[in-house]
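Given next are the chains, with one letter for each unit.
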Amino acid sequence: MPIKLENVGIAVRDLEEAIAFFTDLGLTVLGRDTVSGEWADTAVGLDGNHAKIAVLQTPDGNGQLELFEYLHPDAIETNPTLPNEIGMHRVAFSVDDIDHALEIAAKHGCHPLRGVANYQDVYKLTYLRGPSGILVMLAQKL
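Residues numbered from 1 in each chain as written. Predicted model: local features only at pLDDT ≥ 70, side-chain atom pairs only at ≥ 80, totals over all residues. Heavy atoms only, no water.

Enquirer: What should I look at first to understand helix 1 (residues 15-24) in this one?
Expert: A turn of α-helix holds 3.6 residues, and therefore any two residues three or four places apart point the same way. All buried positions along helix 1 are accounted for by L15, A18, I19, F21 and F22. Burial along helix 1 is one-sided: seen end-on, the buried residues are contained in an arc of 165°. Where helix 1 ends, the next residue or the one after it, G26, has phi of about 120°, a positive value. (Buried < 20%, exposed > 50% of the residue type's maximum accessible area, 1.4 Å probe, protein only. Helix = DSSP H or I, 4+ residues; strand = E, 2+ residues; numbered from the N terminus. Arc of directions from axis to C-beta.)

Set out below in structure tokens:
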């Protein structure tokens, strides 16, 4: 059975803030919508499901993020995921210039958790907190 990854979905506090962050990093908005109704309740498993969504694509055309901001039911605040917690972990991007990507992230108030690491002179990489506490990895091949 062939299988293909369609996208990674991330619930956010503020859809516009998240779109600004990811588009500044180079992703493109493919579409936006507001979803609700019986089909949305059934698909997601929440009664009264109502959300604003945006689908963003990486410049290479292979990766997509679906960002959603819940209008109903109310979004549930949680602590941001830690790197060693079980479950959804992070979203990772390769970049041509990690220093430039970090300058862009800093304009959004997002900074590395600890610094930029050099992995065996193959990659420079770092984790940072994006909008809504999303854990984002940036990696530059050396």
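Having seen the model, we can carry on.
Enquirer: Would you explain the environment of L142 in this entry?
Expert: Summarising the element assignment, L142 is placed in the segment after strand 8 (135-141). Taking the C-alpha atoms as reference points, L142 and Y123, separated by 19 residues in sequence, lie 5.3 Å from one another. Once residues within four sequence positions are removed from consideration, L142 is found in contact with N118, D121, V122, Y123 and K124. (Contact = heavy atoms within 4.5 Å.)

Enquirer: What is the right way to look at the pattern of salt bridges in this model?
Expert: When the charged atoms of two side chains lie near each other, side chains of opposite charge can form a pair. For the structure shown, the criterion picks out 4 salt bridges. Of the charged contacts in the structure, one is a salt bridge between K124 and D99, with a shortest N-O distance of 3.7 Å. Of this pair, K124 sits in strand 7 (residues 123-129) while D99 sits in helix 3 (residues 98-107), and the two are 25 residues apart along the sequence. A relative accessible area of 22% places K124 in the partly exposed class. The class of D99 is partly exposed, set by a relative accessible area of 41%. (Salt bridge = Lys/Arg side-chain N within 4 Å of Asp/Glu carboxyl O.)

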